[in-house]
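# Architecture and fold: a report
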Amino acid sequence: MPVQPIIQRSFVGGELDPKLGARADLGKYLTGLSTCRNFVVHKHGGVSNRPGTKFVAEVKGSAANVTLIPFLFEAAAQSYIIEAGSGYFRFYYQGAPVVVSGVAAWSGATAYVVGDLVVSGGVNYYCILAHTNQIPPNATYWYPLTDDIYEVPSPYTSGDASQVAWTQSADTLTLAHPSHAPRSLQRLGPTNWVLSTIITTPTIGTPINEAGIAGAAGARTFRYKVTAAKDPTFEESLASATITIAAAADPTVAAPHTLSCDPVTGAIEYYWYADPYNNGVFGFIGASLGPAFSDVGFLPDYTVTPPINRSLFASTSNYPAKVSYHGQRLVFGRSVNQPETVWASKVGAYNNFSISTPIQDDDSVEFVIASTILQPVAHLVGLKKLLVLTDEGEWMIYGDQDGILRPTAINPNQEGYAGAKSDVVPVVVGNSVVYVQARGTVVRELSFDQSQGGFAGQDLTNYSSHLFDGYSIRSMAYARQPHSILWVVRSDGTLLGATYVKEQEVLAWHRHDTGASGVFERIAVLPDNTAGEDVLYAIVKRTIDGSTVRYVEVFASRHVVDVVTDAIFMDATITYSGTPVTTITGLDHLEGEPVAILADGSVISDGSLPAYTVAAGSVTLPAAKAVVHVGIPITYPDVVTLDLDVQGSNIRDKKKRVQGLSALVLDSGVGFYAGPDANNLIEHRLELWQPVPTLMNGLAEVLLTCTYEEKGRVMVRVKDPLPFTLLALMPLTEIGG
C-alpha cells in the first residue's frame, strides 16, 4: 500500500490509560498519547519539555519530613514559601531563603517582645517570651538561629507538619492541627514573623473598676453591665462584672443613675445594659463615647444583650483540625471529641466566638454534619457558599435565602458521596473545587451545574487512571498561569500534572520524574508578578554522595527569551554568571553526580557518557564561559503516540512501517531523537548546507529505519538541556497487509 501521511495536530488528550487502547471512537484518542513524560501539555495543544528546577536550599534537617505552606500577599509583591519542619518555620522569598542582617546586639536595658532579634556571642537569637534583661542563650526567652537564616520556632513536629491545615487573611495565616491549639502566624516584616495561640474571645479588653451611683434614695435595686467596642471594627468586648446600685429610686432625667468604668485601650465607644427588675437578663439601654453613662430611666431592649463568652479549643482532644474563611467568618472544623462539628466566628471578628441571647445574625455559629453514618470533617472550603468535605461526602451549607450563613439559617445539604482525603489540601480552579477523593487514588472536581440546578462532581482521572492505580496522592497545588496546570505528587514521588481548562474541555495528564534517585514529596505554588506566571516549588528528596538529602527547589520559567540566560532544563540547577571561567564552584549539593551543562547557550554535556561529575563541589569546563547552568540531567523528556487507529477503518489489524517523521516545532533546540521505541531512535540532524539556528522553528524531518510491526507508534525524545516544543507530528506510514 502507498505511504500515508498521518497528522496529529494536538496533544490535549494527554497520556491516556492503556485500557483505552481500543477506543479510537473517542475524541481524546485523536489527541492523546501513550506516554507524556517530562513534557508539559499546553492548553493550546502543543507539548514542551518541562523546565528544570533551580536549587534553593537544603532543608534544615534532611532526615525529617517537611511540608510547604504558601503565603500569598500578591498585591504587595510579598509572597513567601514557608518550610514547615520539626519545631520551626523557615521562609523563602523570590526563590531564596530569607536571611537576617544588621541585627542589633543584645542589651540588658531593652524591653524585648516576641519576634525581636538580637545577636549575642556571634549567634542570632529570636525572642520567644517578652522580658527585660534575660541574656541569651536563656532558652526560656531566646531561640537560636542557624547562622543568618531567619526562622520562627513552632510546636509542630515533623510528623505534625503534613497535617497542618491553614488559611490566610491579609498578612496572617491561621493554622489548625488536631494535636495543637489553633495558632496565627503574622507577618509584621520580612524578618518579623510572630506565631501566637488563638484565644477565642473578643480582641478588646473587658471594662474593669466599674461603679454606679444612685440618682436618688429609694427601695429598689438596679443592676448594670458595660462592654467596650473596638476601634475601628466595633467588635464588642465581654461584659464587665455586675454594677449593683441598691436602695435607689427609679432613675429620672433630674436624678439619673451615674455609671462608670476605667477607660479600655482601643475602645471607640461603650455599651450599657440594665437589669432593673433583677431577672438576671440585661437589656441594652444606650451607648456612650466615653467610659461614663447616665441612666435617666431608659427601658432595656432585651433583644440586644451582652455577649456570652465561649472559650473553645482550650484542651487536648478539643483542638480543631481544619480551618477556612467564609462570609467574613473564620471557620474551624473537626476535633477528636467532635469530629463532625463546624464552628464559625462572629462576622468580622475572627477570633470571637461569643453569642447572645436571643441569638443575633452576626453571632458565632456551631453545627454538626448529621448523617446516618459518621462523617468527620475533612476540609472546609469557602466559596460563594461554604463547602464541607467529609470522609464520606460533600456538603454544601446553603444558609438563608440569600445564601448567608446565620446561626438560625445553616441548611446543610449533601451534594455527593465520594468523600475526601483529609491530608491533601483542595484547590480552587475557576469556579470549581478540586480535591482528592477518600482513599487517595482519584482526583475529583465539584462545581455548580446550571442544567442540574445543583452541584455536580466528576472524576478527573478517568481517562488516565493508570497513573493513579496502586498509588495514593500526597500533595496538590494549582498553577493558573501560564497553562492552567493542576499538580499532584504521587506516593512514589512521581510528579503528575493535569493541564485543565474546563471551558475548553482540555484535560491532559502528564508525568514527571527527576534524577539522582529523586522523589518529589511536597509542592506549593506562588505567583510571580514579574514573570506574569505562577511558580511551582517542591521538596525533593535525593540521594547525593551516598546520603539522603531534602532540597527546596523551584521550577524555572519555561518562557525562554535568551537561551544563554533563560534556558534551564536540568534539575537542582546552579547558575554562574560573570567573568568567563573554566571552573564552576558552589556545587556541593550535587557532589558525586554526573551533571548536564549549558554554557553560553551551548550544550557542554547532556549528562550522558563521557560525563562531567561534580568533585569537591565543582566541575571544570573545556573552555572559559561566562553564563553556565549546571544541574542534574532530566532523563528523558519523552512523548509516544498511541497505536495507529482510525474509527471506521481496518487499519488497526494491518502491519505498519513508519518510514519517516515530520515534526512541527517551535523555539526548539536542533537536537532531538525519533523512532518507534527507545531502542531504535534516530537523531535529527541538519543538512550540511543548513545554518545552525539558536532555536529551530518549522518542520523538522527525520528518516527512520523501521520494520513492519503492529502498533505504528512514534517516540520523540529530547536529550539536550534546551527548550523543545512540539506542535504537531506527521509520521510517514506505510500500511501493509
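Before going further, it helps to examine the overall build of the protein. In terms of helices and strands, the protein carries three helices and 58 strands. With the C-alpha coordinates of the protein rotated into their principal frame, the extents come out at 115 × 70 × 40 Å. The long-range share in the protein, meaning contacts at least 24 apart out of those at least 6 apart in sequence, stands at 61%. Accessible surface, the protein: about 30600 Å² in total, of which carbon and sulfur atoms supply 52%. Averaging the coordinates of the 48 positive side-chain charges in the protein and doing the same for the 69 negative ones gives two points 6 Å apart.

Relative to the assigned elements, Glu83 resides in strand β8 (residues 80–85). Summary of buried charges: Glu83 has no salt-bridge partner, and the nearest side chain of opposite charge, Arg90, is 5.1 Å away. One polar contact links Glu83 to Tyr88, side chain to side chain, over a distance of 2.3 Å. Within polar-contact distance, the side chain of Glu83 engages the side chain of Tyr92 at 2.5 Å.

With that settled, consider the side chain of Gln8. One can find Gln8 in the loop between β1 (3–5) and β2 (14–15). Of the polar contacts made by the side chain of Gln8, one reaches the backbone oxygen of Ser10; its length is 3.2 Å. A distance of 3.0 Å separates a polar atom in the side chain of Gln8 from the backbone oxygen of Gly32. With sequence-adjacent residues up to four places away left out, Gln8 is seen in contact with Leu30, Thr31, Gly32, Leu33, Thr641, Leu727, Ala728 and Leu729.

Let us now look at the pairing of strand β31 (residues 365–368). Side chains of β31 alternate between two faces, with Val365 and Phe367 buried and Glu366 and Val368 left unburied. Two elements, strand β30 (residues 341–344) and β31, share four bridges in a ladder whose sense is antiparallel. Paired with Trp343 across the two strands is Glu366, which belongs to β31.

Sheet strands line up and pair through hydrogen bonds in the backbone, either parallel or antiparallel. The antiparallel open sheet is built from three strands, whose spatial order is β21-β24-β27. A strand with exactly one partner marks an edge of an open sheet, and here the two such strands are β21 (211–213) and β27 (292–295). The average angle at which neighbouring strand axes cross in this sheet is 20 degrees, direction not considered. Alignment of β21 against strand β24 (residues 257–260), held across three bridges, turns out to be antiparallel. Bridged to Ala211 within β24 is Ser260.

For the structure on display, the rule yields 25 aromatic pairs. Ring centres 5.9 Å apart and planes at 40 degrees place the aromatic pair Phe293 and Phe298 in the tilted group. Here Phe293 falls in the buried class, since its relative accessible area comes to 9%. On the numbers, 5.0 Å between centres and 75 degrees between planes, the contact of Tyr325 with Tyr350 is edge-to-face.

This part takes up the environment of Thr725. Tracing the chain through its elements places Thr725 in strand β58 (residues 725–735). Each C-alpha atom, one on Thr725 and one on Ala663, is 9.8 Å from the other, the two residues being 62 residues apart in sequence. With residues near it in sequence (within four places) discarded, Thr725 still touches His42, Val47, Ser48, Arg558, Leu664, Val665, Leu666 and Ser668. For Thr725, the side chain forms a polar contact with the side chain of Ser48, separated by 2.6 Å.

Turning to the nonpolar core, a few remarks are in order. The biggest cluster of nonpolar side chains holds 39 residues, and the ones touching the most others in it are Ile82, Phe89, Phe91, Tyr150, Leu185 and Trp193. Val41, Ala508, Ala700 and Val718 belong to the second largest nonpolar core, which has 28 residues in total.

In this fold, Pro178 is placed in the loop between β18 (172–177) and β19 (180–189). In sequence terms Pro178 and Pro320 are 142 residues apart; their C-alpha atoms lie 5.6 Å from each other. In this structure Pro178 touches Gln163, Tyr319, Pro320 and Ala321, once residues within four positions along its chain are discounted.

We now examine the sheet that holds β31. Ordered in space as β28-β29-β30-β31, the four strands form an open sheet in which the pairing is antiparallel. Only two strands of the sheet have a single neighbouring strand rather than two, namely β28 (322–326) and β31. Strand-to-strand, the axes of this sheet are offset by a mean angle of 20 degrees, without reference to chain direction. For strand β29 (residues 329–333) and β30, the ladder comprises three bridges, and the chain directions are antiparallel. Following the sheet pairing, Val331 is matched in β30 by Ala344.

Of all six residues that make up strand β32 (residues 377–382), five are buried, and the element is covered over most of its length. As defined by bridge partners, β32 adjoins strand β33 (residues 386–390) across five bridges and the pair is classed as antiparallel. Paired with Gly382 across the two strands is Leu386, which belongs to β33. In this antiparallel pair of consecutive strands, β32 and β33, the connection spans three residues.

On to the pattern of salt bridges. The full count for this structure, using the stated rule, is 26 salt bridges. Two residues, Arg23 and Asp25, come together in a salt bridge whose shortest N-O distance is 2.9 Å. Residue Arg23 is classed as partly exposed on the basis of its relative accessible area of 34%. Arg50 is the partner of Asp571 in a salt bridge, and the nearest nitrogen-oxygen pair spans 2.7 Å. Here Arg50 lies in the loop between β5 (47–49) and β6 (53–58) and Asp571 lies in strand β47 (residues 570–584), a separation of 521 residues in the sequence. Considered together, Asp571 and Arg50 belong to a single accessibility category, that of buried residues.

Quick look at the environment of Ser240 now. When you line up the elements, Ser240 lands in the loop between β22 (217–230) and β23 (243–248). The class of Ser240 is buried, set by a relative accessible area of 3%. Measuring from C-alpha to C-alpha, the distance between Ser240 and Leu195 comes to 29 Å, with 45 residues separating the pair along the chain. Among residues more than four places away in sequence, those in contact with Ser240 are Thr206, Pro207, Glu210, Lys225 and Val226.

This part takes up unusual backbone geometry. A cis geometry characterises the amide bond from Thr357 onward to Pro358, with omega recorded as -5 degrees. Positionally, Pro358 belongs in the loop between β30 and β31. Omega for the bond connecting Thr635 with Tyr636 falls within 30 degrees of zero, at 0 degrees, which places this linkage in the cis form. Within the secondary structure layout, Tyr636 lies in the loop between β51 (619–633) and β52 (638–641). One non-glycine residue with positive phi stands out, namely Phe313, at about 55 degrees. Phi at Glu505 is positive, roughly 55 degrees, even though this residue is not glycine. With respect to the element layout, Glu505 can be found in the loop between β42 (495–501) and β43 (506–512). A residue is classified by how much of its surface remains accessible, and Glu505, at 73% relative accessible area, is exposed.

Parameters and conventions
- Residues numbered from 1 in each chain as written.
- Predicted model: local features only at pLDDT ≥ 70, side-chain atom pairs only at ≥ 80, totals over all residues.
- Heavy atoms only, no water.
- Helix = DSSP H or I, 4+ residues; strand = E, 2+ residues; numbered from the N terminus.
- Contact = heavy atoms within 4.5 Å.
- Areas by Shrake-Rupley, 256 points an atom, 1.4 Å probe, with all protein chains shown as cover.
- Lys, Arg positive; Asp, Glu negative; His and termini not counted.
- Charge placed at Lys NZ, Arg CZ, Asp CG, Glu CD.
- Buried < 20%, exposed > 50% of the residue type's maximum accessible area, 1.4 Å probe, protein only.
- Salt bridge = Lys/Arg side-chain N within 4 Å of Asp/Glu carboxyl O.
- Polar contact = N/O pair within 3.5 Å; in protein donor to acceptor, adjacent residues only side chain to side chain.
- Pairing = 2+ DSSP bridges.
- Axes fitted to C-alpha atoms, helices over the stretch in contact; angles between N-to-C directions.
- Phe/Tyr/Trp six-rings, centres within 6.5 Å; stacked < 30°, edge-to-face > 60°.
- Core = buried A, V, L, I, M, F, W, Y, C linked by side-chain atoms within 4.5 Å.

Functional significance is not addressed by these values, which are geometric in nature.
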